[in-house]
Amino acid sequence: MTELNEKDIKEIKEFSKKIRKNVLEMIFNAKSGHPGGNLSAVEILSTLYLKCMKHYPECEKNPDYNNRDRLILSKGHASAALYAVMANCGYFPVGELMTFRKLGTRLQGHPSAKHLCGIEVSTGSLGQGLSIACGVALGLKLDKINSKVFVYMGDGELQEGSIWEGIMNAAHHKLDNLIAIVDKNNLQIDGCVDDIKCLSPLDEKFKAFGWEAYTIDGHNPQEIYSAIEKAKNSTKPVVVIANTVKGKGVSFMENQASWHGKAPNKEEFEKAIKELS
Amino acid sequence: MLTDKRERKSIRSEYGKTLVELGRKNKNIVVLDADLSCSTQTAMFAKEFPERFFNMGISEQDMMTTAVGLSTVGKIPFVSTFSMFAAGRAWDQIRNSICYPKFNVKIVATHGGITVGEDGASHQALEDLAIMRAIPNMMVVVPADCAETAEVIKFAEQYNGPMYIRIARTNVPDVFDRETYKFNPNKALIVNNGNDVTLVTNGETLAEAIDCVELLKQNGISAELIHMPVVKPIDSKTILDSAAKTKKVVTIENHSIIGALGSAICEVLSENCPNPVLRIGTNDEFGQSGEQRELMDFYGLTGEKLAQKVMKFLGKN
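What counts as what
Residues numbered from 1 in each chain as written. Chains lettered and ligands numbered in written order. Predicted model: local features only at pLDDT ≥ 70, side-chain atom pairs only at ≥ 80, totals over all residues. Heavy atoms only, no water. Helix = DSSP H or I, 4+ residues; strand = E, 2+ residues; numbered from the N terminus. Rg over C-alpha atoms; globule rule 2.2 N^0.38 Å. Buried < 20%, exposed > 50% of the residue type's maximum accessible area, 1.4 Å probe, protein only. Contact = heavy atoms within 4.5 Å. Areas by Shrake-Rupley, 256 points an atom, 1.4 Å probe, with all protein chains shown as cover. Lys, Arg positive; Asp, Glu negative; His and termini not counted. Charge placed at Lys NZ, Arg CZ, Asp CG, Glu CD. Buried area = accessible area lost by both parts, 1.4 Å probe. Salt bridge = Lys/Arg side-chain N within 4 Å of Asp/Glu carboxyl O. Pairing = 2+ DSSP bridges. Axes fitted to C-alpha atoms, helices over the stretch in contact; angles between N-to-C directions. Parallel < 35°, antiparallel > 145°, perpendicular 65-115°, else oblique. Left-handed = near helix turned anticlockwise from the far one by under 90°. Domains from an automatic or database assignment. Polar contact = N/O pair within 3.5 Å; in protein donor to acceptor, adjacent residues only side chain to side chain. Expected span 1.5 Å × (residues − 1). Phe/Tyr/Trp six-rings, centres within 6.5 Å; stacked < 30°, edge-to-face > 60°. Lys NZ or Arg CZ within 6 Å of the ring centre and 35° of its normal.

Bringing the overall build of chain B into the picture now. Scanning chain B from N- to C-terminus turns up 13 helices and 14 strands. Rg of the C-alpha trace for chain B: 19 Å, near the compact-globule value of 20 Å for 317 residues, within the 12% margin. Counting only C-alpha atoms, chain B reaches 60 × 40 × 40 Å along its principal axes. By residue count, 63% of the 317 residues in chain B fall in the buried class. Relative to all contacts within chain B whose residues are 6 or more apart in sequence, the contacts with residues 24 or more apart total 79%. Summed over all atoms, the accessible surface of chain B reaches about 11700 Å², with 48% contributed by carbon and sulfur. In chain B, which carries 35 positive and 39 negative side-chain charges, the distance between the mean positions of the two groups comes to 4 Å.

Moving on, we come to helix H6 (residues 91–99) of chain B. Taken together, the buried positions of H6(B) are occupied by B:Gln93, B:Ile94, B:Asn96, B:Ser97, B:Ile98 and B:Cys99. Here the buried face of H6(B) lies against helix H5 (129–142) and helix H6 (161–172) of chain A together with helix H4 (60–72), helix H5 (83–89), strand S5 (106–110) and helix H7 (128–133) of chain B.

Before going further, it helps to examine the interface of chain A and chain B. Interface size is commonly expressed as the accessible surface area that is lost when the partners come together. At the junction of the two partners, chain A supplies 26 residues and chain B supplies 24 residues. Taking both partners together, chain A and chain B bury about 2000 Å²; carbon and sulfur atoms supply 58% of that area. Together, A:Gln128, A:Leu142 and A:Glu165 form the three largest contributors to the area buried by chain A at its contact with chain B, with a combined 27%. The interface formed by chain A and chain B includes 1 salt bridge. B:Lys75 is paired through a salt bridge with A:Asp143; the nearest N and O atoms lie 2.5 Å apart.

This part is about the sheet that holds strand S2 (residues 29–33) of chain B. Residue and element names in this part refer to chain B. Within the open sheet, the 7 strands sit side by side as S3-S2-S4-S5-S7-S6-S12. Their pairing is mixed. Looking at the sheet topology across the chains shown, the edges are occupied by strand S3 (53–55) and strand S12 (230–232). Strand-to-strand twist of the sheet, defined as the mean angle between neighbouring strand axes without regard to direction, takes the value 20°. Where strand S4 (residues 76–82) lies against S5, 5 bridges are found, and the strand directions are parallel. Bridge pairing in S5 places valine 79 opposite isoleucine 107.

In this fold, A:Ser46 is placed in helix H3 (residues 42–52). Setting aside chain neighbours within four positions, we find A:Ser46 in contact with A:Ile12, A:Phe15, A:Ser16, A:Ile19, A:Lys51 and A:Val85.

Assignment of secondary structure puts A:Lys148 in the loop between H5 and strand S2 (149–154). In this structure, A:Lys148 is in contact with A:Asp69, A:Arg70, A:Asp176, A:Asn177 and A:Lys232, ignoring residues within four places of it in sequence.

All names here are of chain A. Interhelical geometry of H3 versus helix H4 (residues 79–89) gives an angle of 30° and a closest axis separation of 10 Å. If you check the angle between H3 and H4, you find them roughly parallel. The way H3 lies across H4 gives a crossing that is right-handed. Residues Leu45, Ser46, Tyr49 and Leu50 of H3 touch H4, and the partners they reach there are Ala81, Leu82, Val85, Met86 and Cys89.

The subject of this paragraph is the pattern of salt bridges. Residue and element names in this part refer to chain B. Under the criterion given, the structure shown has 24 salt bridges over all chains. Glutamate 48 is the salt-bridge partner of arginine 24, the closest N and O atoms lying 2.7 Å from each other. Of this pair, arginine 24 sits in helix H1 (residues 11–25) while glutamate 48 sits in helix H3 (residues 43–48), and the two are 24 residues apart along the sequence. A residue is classified by how much of its surface remains accessible, and glutamate 48, at 35% relative accessible area, is partly exposed. Among the salt bridges present, the one from lysine 305 reaches aspartate 297, with a minimum N-O distance of 3.2 Å. Given a relative accessible area of 25%, lysine 305 falls into the partly exposed group. Overall, the relative accessible area of 34% leaves aspartate 297 in the partly exposed class.

A separate point is the domain arrangement of chain B. Residue and element names in this part refer to chain B. Under the domain assignment, chain B is made up of domain 1 (8–173) and domain 2 (189–311). Spacing between the C-alpha centres of domain 1 and domain 2 amounts to 25 Å. Every contact between the two is made by 34 residues of domain 1 and, on the other side, 35 residues of domain 2. Three residues stand out in domain 1 for area buried against domain 2, namely Ile114, Leu126 and Arg133, and they jointly supply 29% of the buried area on that side. There are 1 salt bridge connecting domain 1 and domain 2. Taking the shortest distance from any N to any O, the salt bridge between glutamate 267 and arginine 133 comes out at 2.8 Å. Across the domain 1-domain 2 interface, the total number found is 22 residue pairs in polar contact (both at pLDDT 80 or more). Elements supplying a minimum of two residues to the side of domain 1 that touches domain 2: H7, strand S6 (139–141) and strand S8 (171–173). Here the side of domain 1 that touches domain 2 gets 4 residues from one element, more than from any other, and that element is H7.

With that settled, the discussion passes to the sheet that holds S2(A). Residues and elements named next belong to chain A. Read across the open sheet, the 5 strands follow the order S1-S2-S3-S7-S6; overall the sheet is parallel. Two strands in the sheet have a free side with no partner beyond their single neighbour: strand S1 (70–73) and strand S6 (212–217). Strand after strand, the sheet turns through a mean of 20° between neighbouring axes, direction not considered. Bridge analysis of strand S3 (residues 178–184) against strand S7 (residues 238–243) gives 6 bridges, and the strand direction is parallel.

The subject of this paragraph is H1(B). The end-to-end C-alpha distance of H1(B) is 21 Å, a good match for the 21 Å that 15 residues give at a rise of 1.5 Å each. Between a side-chain oxygen at the N-terminus of H1(B) and the backbone nitrogen of B:Arg12 the separation is 3.3 Å; the capping residue is B:Ser10.

One pass over the full model with this rule turns up 13 aromatic pairs over all chains. With centroids separated by 6.1 Å and ring planes inclined at 20°, the aromatic side chains of B:Phe82 and B:Phe85 adopt a geometry described as stacked. Accessibility expressed as a relative area gives 18% for B:Phe85, which makes it buried. What links up through ring pairs into an aromatic cluster is the set A:Trp164, A:Phe206, A:Phe209 and A:Trp211. Note that A:Lys230 overlies the ring of A:Tyr214, its terminal NZ or CZ placed 4.3 Å from the centroid. Over the ring of A:Trp259 we find A:Lys262; its NZ or CZ atom is 4.4 Å from the centre of that ring.

See the structure below:
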């Protein structure tokens, strides 16, 4: 089954709308965060958690927990979207989202494995998630556990040299249980990725390094689902290059690098929520 | 606990052998190296357990974070390369991906300190212990000889959490008796009791400090010698008890005087029992090429040079 039916698509779209609202509420409430790169990640994270990943919101209480698929959020600044997806999947109460970035919270500004079950590793310093995912994939293979490892990266993050070490690592070890997703929203803090340090042609680069590469619309649930399901059967590590829009869903945030890392004021927040309703 | 034999042996070989021994008993042990397995001696493990050995190539950052991933599925990764590249190149990975979530990764860094020798300053890690010590959750250990290295590696297998274990390139004299030595992570070791001055050291300078104690004795000075393999978390009590008695403390290490053992001792003393301290190590400078013994002498770390410095510190020259 590599196709979603209409009902599934509707479910993902409705869920994504809820996640977007949560993300904005969280960032507005925290008075800080990263709206742009969270809003570009919503459909992908939603589709993964609703349709693609084998995961258990009750964590260790589930006897099958060791067999879960793993998600490593290498672009840790998309934490708000991940927390919102997890809460709405039942990992913790949705109300707790309002503790995001507050003193004493489990929902640290960037994901912390020690704070919250379901967060596999701690991320935030860019460029580290892919190699971590390679290690997880290697470990699962040693234990003959047939689970997938998903690693979610930003495109700007691919400027980190350590990512390319990881790309070589995955191909060298033939990690067919590893699926990387690049949230390619084309923007980083200081401007356009290709103006600052060009990544293009990204798919060709991955292929040259021994990976399979699929390019999709990262806001289209059907395309996301089909690519991920296809990737699950690949004999090579796969990268899904997801073309996304930074700030997706909020007109004045879309494609604006300036919305990478600042919270909306009250007026902006209300306007954004209205657009999403 | 001490041995009289003082035979010079390779700590790195001891590490390699111990890994193989542990690997036979514990299937969860995995080993990673960055193209230096013949130098770090993890090649011994690679030969016996090829499926549990990962040569990551010349990419230390990738190696550290791959180890993180392996640890999340219950493996016990031992990660090795030279100290310079382990601590230096991959510091962010160690801080954020290993220590912050407190994952069970053991970094065994070889070729620490000035005694790397002829390769010179680019390869002489004189800051690694300082930058490892600064990271929360990191345990930092500098064993002195083969017997202790074997014990520390066995402890590392049992201990759940990140460790940085620094071992020397050189062959070092046996100090401890293999049959009776037990590593206690919570307790520094009083190697010699004395009253006039306290010497604190670890790693390959322990053998030199033992020589220094003997030379001081010939000059009528009774030195207490403390071996402190665990730089963090530090055993404050042993230091404070000794300093309260001798009132003068000298720290000796194959590392910059900034940030490692000398600094840790000063922190303990200044807050609890302020006393004059002399820190011996390399100063705020880079190393240089040279033969190992020449460098030890040039940087004042031989028993003889240490004794001269201690005498001067005590106003006895």
